[in-house]
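# Geometric and topological summary
Each chain, written out:
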Amino acid sequence: MSRGSYGNPNYNNLLKKTEHYDKDERYMAISDLCEALKRNAAQANSAEVVGSPPPAGGAGSSASQIDPQTERRICSAVLSLLDDSSNDVQTVAVKALSVLLITVQEEQVVEIAERLCTLVLDQSKSDLRDVYAIGLKTLVETVPASMGNIVSQRLIGRLVDGIHTNSTTQNRGKSAAAVGGVSSSADDKNSEEIVLACLNVLTDLLTRFGSTANSITLQHEPLLNVALSQLASPRPVVRKRAGTTIGVLATVISDTLLHRLVERVLDQIDQAEGLGRSGKKRARKAHGGDYKRTLSASDLRSADTRSLIRTMCTVSGTVGHRLNQGHIDRIVPIFLRFCDPEDAVTGDDEDYESDDAGGDGAEGMQGISEEAAAAMQIELRESCFAGFESFVLRCPALIQPHLDQIIHSSLAYMRFDPNYSYGDEDDGEDGEAMDEDEEESEEYSEEDEYSDDDDMSDEEDDENWKVRRSAIRTLTSVVEATKHDPSKLWIADYAWRKNSDRKATVAGALVNRFKEREENCRVDIIECFTRLLSYTVSAASVGVLVLASGGSMDDDALVASGAVVVDLRSNVSSAIVKASEKQLSAKKGGERSKSSAIALLSTLCLAPGGIGGSEQITSVFTHVKTILDLNDDARMRRHVSANSKSLKLEALCLVRIMLSCKKHDPAHIKGALLPILLPEICHCVKEDWYKVIAEALRVLLEVPNLMVLGSASKSEMDEVANSLYVAIEPRLAEHDLDQEIKECALSASASLLSVHHASLSMEQKNRIFELLLERLKNETTRIAAIKTLSKIGDAARSNKDLDLSPIMNETLGQLALLLRQQSRGLKQTSLECLDTMVLCLGSDGDVDMDDGLFDSVLKDLGDIISDTDLHICHLSLSASNSILKARPSTGSLVKNHILPAALTLSKSPLLQDPALSSLLALLEELITSKAVTFDILHDMLVEQIDNNGSKSSKQVISNLAECIATIAAVSTAAKQNTFIKSTISAITQSGDGNAQTTQLNLLVSGDFGRKVDLSSMPGVADSLQQIFDQAFDSSNEDIKHAAALALGRASVGAIDAFLPGILAALEQSSGKKQYLLLSSLREFIHCYREMEGGNLSSSVPLILPHLEKNCENDEEGVRSMVAECLGSLACLEPKMILPVLEKLATKDTPKKVVVRWSVGSAVKFAIGGHISPTELAPFMPTFLGLLEEDDLAVKNIALLMVYSAVHHTPQLVVGLMKEQILPQIYELAQLNMERKINLGPFKHTVDDALPLRKAALSVFATCLEKCPSSLDIPAFMPVVAKALADVEDIQLQTHAIVISMCSRHPIPLVAAADSFVSPLEKTVNKKKGQKTGTELERVYEWIKSGLRVMIAISKLDGAMNNRKFAEFVDRINNSPKHAPFLQAVEDER
């Protein structure tokens, strides 16, 4: 390449060479010129990045490198080479054009655009028009966004004029008058190419600049008119391209133009007759009895109707969310004229010849052959069902009134096969005929599989399967739209056969069509049903519906209660299995069908009853064997098809799911697995593909437990154990294997050794132990090996026959070494395994252990006991406790290495939950094993308070009190008496002077009384009662609180001694003391709930009257405590408490507002405490009535009650959402009750409804996650739009809701995107004012939150087609002040 220097190419030399006579020279010149332009553009971009300002009107800094004259010469040279005689030169010229457009000035870009447009429209340039069109498309795709408006302005009018001028419909007369047929044909072809090129470029322009360029906005109406005119073109390709252009145009035009577009298209479709006898009846009925074709209709060909329908489907697919109910109400009946269920026939229908298949369907299609007419009918129906599919997915709410008709039509055309007879005249509902006509179906299968190709020649030309496939896809969209509540598809009946009174559900009809002869359709049917079954199981898991369990009395009770019960076990499951088996038994091809059938059976395993009983299991295993079993010839082949390997993998997955799903009788599984499938699975472990090997090992992992559950005999156990060992051991021993295989082999060996150790020889067990230790020492497999050892250790603890002594010393040594590693995950698994393994040691001397091993292990454990990681701390304490239990002789080691760290931990304010429980267990074991005496350990714990210079927190005092009470509870009776008396004495002596000591001793007495019955110790209960009463009068609030908790806890161990006193004092007290006594009562109920097998029914009648009385208390704190007590009691005794709460909720008293507030709060606590849903459900309608109360506080607590129900047990409220909850949510989420308070120099605005709006949005957000099927999402969008403009807290809450909806409900968000623009723009343009510090940070977080919402919505499909939202996004992205915030949001990902 000629250059003046390396960085500055000699453009003059390159431009001269572009005119060279040798095409190779021209090729090299344009290639070098293209590279030079790329380098120039890169330099310009880098200069921009470092801060050089681009020249005005230019692209980057190119003007400083290429002068305007050279630019023009380069543009002319590149454009001239588009006419080059060499195709290679033309190709590189197009590439150079794309680089040139981002390098040269705007003036040159416009010049290039106009020149290319002229060339495209030139009638004499037909040979090179494709090249020019590609160049123009390249220009539109690569031109800088800032030039989009000017480029669109120059191109749009000329392209529209080009379509008008060259339109075949306008030039029809000219073409007919042309002299000579050849000339006429050539002119038509030339015009057609120009129109297609213009439509292509228009589509690209609309796609890239349609929502941002004003020049396009001004031309929306002319564009729409010209595109609609091309739908009447006689050329199919023009009509199709025009439909695509209209689909893109629909995304950017106004609602008014969109309405006009839809009406014009529907007006034209409406003039068509329809297809079939019933379809034409619909048309005549719609147009009146004396229907005659109008003048405009007489010129409408069937081909045009097809294009119009296809265009309508395209529009609905792109902007379906913008259609209104009127559009849908008109579209669906028109479409049904072309796919009327009555016209759907099969070869089994006796009168099918009188419909479409005869001449009736081709009427009105004069001038074309019968085959072409049939093809047009197929395309028309296919387009209609594509439209239905789009409506169901894009407009789920609007399509609801017509959903039954769409389902009916789809079911009918799912079996539309007029040229083939399945011999199923007696087909019934839900697969009944599959049992009755089994022999006939088998005969059909044999015929179908082995028929000669010559016999199928006629069927190969049959394209009716396209209609069936489109109908199936529509059903799939219906399943998808109803996935949250698919019960209707199992219950509602539809007449799906012509001239038949028999009806079928959607589920039953799908199962009946598994015999579909066309594999594409058959696979779609099976996958559709699999999806339906999967959604049904998911809906049952959240309580939307109930899958019948098989117990007739239980099912009848559910039906009587109003629950939707879907019964799969009666006849649907057997029909599914039989239909799937027919697919698996096909001997000729059909691997996709087999794969789909396997997926269906895997899904069926998740439903009650699984795939059925012994007969079904045996049959499925037999068919799986044929997939796993390769014959000798196939095994000799070096390569097996990828499809066969995948099918084998899926079959193994099915077997694993059947073995592990717990839905089948283990004896049935075992009886079929051993003789039929186990040898083949063991053989699969020797396969070559790592995924098959790993999956086979996972199946073998499930076999040992199955043998136990299936009550296998000793001989069966021995045989299976030997087979598993032979299969697993080679893979466990190999080194050069995939990691997945190694881990699966370890898991399988753990299962084998844990269950079948008695059936393995000592040599086999030692070999597995040897390999496990080898894997434990390997860095890549040690975590998997640790988990394997943990599982084996668990089995050894419960079964003394499994002796781990051969590996115990080495295992514990390795685990001790691993505790010193930095990896938290490795440390965690090692601690869990260590805890398990040491419990397998037995008593002292059972296993010969190395001296010093425990000293090393305990030292390492003591080093990691810290409150910096409470979970690791919990595991370390648990392992230390296990060592002390297994080897009491290690008491001195535990005392030296563990106890100091444990004591330090005991005074940590972070200590809680599992770590606290493990600490208590260790301290208890230290006393029980006599490693430390009670007195010494007690003094050590007390010193943790005394030695702490600063005031200890309440949590520390509470933890230390529980530690002291725990060790006292396991000491001797004499020690206990002495201890409690000294504790009482210490409380009396310290008083208020030493508050921390008093709190500690009070809590110790309460925790001790919780574990030991204080009433059995003479005088102790009375003394403590007096002390508690005195403490209630203390001047120290902490002492009062400690006394209240202690009294409640002490009551658990001695109800008769303390509870009557609490209730008597409660009756006589008021104010603060009353609150403290209620705190004691709450603590008593709470602690009693934690006891296993506790029965409080005898005490409830004593407690309840006091709680009912205090429901009317004026103090909110007292009422809150009463509500918590009632909620806890409701969990313990729902039959006694819930009727009382229901009575209080409806009781009309002067203080009914506070009483109902207490009831709502009590129900909320009960739901949070996991009350039985079946007990609470009958009372929920009454409690939900609190939402309609006038008082704001009652409304708020009712909303919190609903929130708790949705979060914990959504099945409680799912059925009541539509009538009782959602209307209130919609209202309260928008309620505004601002009032102004006069504060003298200024006024303060208070919004009393703010808590209600927060609570309502919280309920909605939780419903989105827990029970989305109960929500009407589109109806809530106006509420969301209003909430985005609310106060800051509400906005932030709504931002989180919108972001979560982006993944769950994108379509309603896209439809409402424009309504979000105004509030979001205000948020992201929030002014910081004079704010500093945390206030300024809060404003910045507020702005970033709004930007996150904008970015999330902008990424949704179709969101940027909303002009208002697209302009908003463009403004923000190009705003310098928002650039740092956008970058910060981007960095968060």
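Just so it is clear, the model here is predicted, and its values are computed rather than measured. (Residues numbered from 1 in each chain as written. Predicted model: local features only at pLDDT ≥ 70, side-chain atom pairs only at ≥ 80, totals over all residues. Heavy atoms only, no water.)

### A word on the environment of Asp1247
Counting through the fold element by element, Asp1247 comes out in strand β6 (residues 1243-1247). Ignoring sequence-local partners within four residues, the contact set of Asp1247 consists of Asn1232, Met1233, Glu1234 and Arg1253. A polar side-chain atom of Asp1247 sits 3.2 Å from the main-chain amide nitrogen of Met1233. A distance of 2.7 Å separates polar atoms of two side chains, one belonging to Asp1247 and the other to Arg1253. (Helix = DSSP H or I, 4+ residues; strand = E, 2+ residues; numbered from the N terminus. Contact = heavy atoms within 4.5 Å. Polar contact = N/O pair within 3.5 Å; in protein donor to acceptor, adjacent residues only side chain to side chain.)

### Overview of the pairing of β6
Note that strand β5 (residues 1234-1238) and β6 share five bridges and pair antiparallel. The residue bridging Arg1235 from the neighbouring strand is Val1246, located in β6. (Pairing = 2+ DSSP bridges.)

### Focus on the packing of aromatic side chains
Taken as a whole and assessed by the stated rule, the structure comprises 16 aromatic pairs. Where Phe1028 meets Phe1058, the ring centres are 6.4 Å apart and the plane angle is 50°; that geometry is what we call tilted. Linking Phe1028 in helix α50 (residues 1020-1032) with Phe1058 in helix α52 (residues 1055-1068), this pair joins segments that are 30 residues apart in sequence. Of the two residues, Phe1028 and Phe1058, both sit in the buried class. Sitting over the face of the ring of Trp1157, Arg1119 holds its NZ or CZ atom 5.0 Å from the ring centroid. The lysine or arginine in question, Lys1164, covers the ring of Phe1165, its NZ or CZ lying 4.7 Å from the ring centre. (Phe/Tyr/Trp six-rings, centres within 6.5 Å; stacked < 30°, edge-to-face > 60°. Buried < 20%, exposed > 50% of the residue type's maximum accessible area, 1.4 Å probe, protein only. Lys NZ or Arg CZ within 6 Å of the ring centre and 35° of its normal.)

### Observations concerning unusual backbone geometry
Positive phi values are uncommon outside glycine, yet Lys662 reaches one of about 65°. Structurally, Lys662 is set in the loop between α32 (642-660) and α33 (666-684). A residue is classified by how much of its surface remains accessible, and Lys662, at 62% relative accessible area, is exposed. Even without being a glycine, Asp913 presents a positive backbone phi close to 50°.

### Some thoughts on the nonpolar core
Core analysis: the largest hydrophobic core is formed by 441 residues, its most contacted members being Phe335, Phe529, Phe621 and Phe1183. Excluding its chain neighbours within four sequence positions, the residues that come into contact with Phe335 are Ile269, Ile309, Met312, Cys313, Cys384, Gly387, Phe388 and Phe391. (Core = buried A, V, L, I, M, F, W, Y, C linked by side-chain atoms within 4.5 Å.)

### With respect to the confidence of the model for the protein
It should be kept in mind that the predicted coordinates are not to be read in detail where pLDDT is low. In the predicted model, the protein carries a mean pLDDT of 81, and the fraction of residues at 70 or more is 84%. Mean pLDDT in the protein bottoms out at helix α15 (residues 295-298), which sits at 38, and peaks at helix α45 (residues 913-928), which reaches 93. Every residue in residues 169-182 scores below 50 in pLDDT, and together they form 13 contacts with partners more than four places removed in sequence or on other chains. Low confidence marks residues 631-640, where pLDDT is under 50. Its contacts with residues over four positions away, or in another chain, come to six contacts. (pLDDT = per-residue confidence, 0-100.)

### Quick notes on the side chain of Ser409
Within the secondary structure layout, Ser409 lies in helix α19 (residues 403-414). At 2.6 Å, the side chain of Ser409 and the backbone oxygen of Cys339 are in polar contact. Residues within four places of Ser409 in sequence aside, it is in contact with Leu336, Cys339, Pro341 and Phe385.

### Thoughts on helix α44 (residues 899-906)
In an α-helix, one full turn covers 3.6 residues, which means residues spaced three or four apart are oriented alike. With respect to burial, α44 is a largely interior element, six of its eight residues being buried. Those residues of α44 that fall on the buried side of the exposure criterion are Leu899, Ala901, Ala902, Leu903, Leu905 and Ser906.

### Observations concerning the pairing of β5
Within β5, only zero of the five residues are buried, leaving the element largely exposed. Between β5 and β6, which pair antiparallel in sequence order, lie four residues; one of them, Gly1240, sits at a positive phi of approximately 85°.

### Things to note about the side chain of Glu695
Within the secondary structure, Glu695 is located in helix α34 (residues 690-709). Look at Glu695 and you get buried, because its relative accessible area is 5%. With residues near it in sequence (within four places) discarded, Glu695 still touches Leu649, Leu652, Cys653 and Arg656.

### Points about the state of the cysteines
What the rule picks out here adds up to zero disulfides. Here Cys684 stays free of any disulfide, with the sulfur of Cys682 as its closest cysteine sulfur at 9.1 Å. (Disulfide = S-S within 2.5 Å.)

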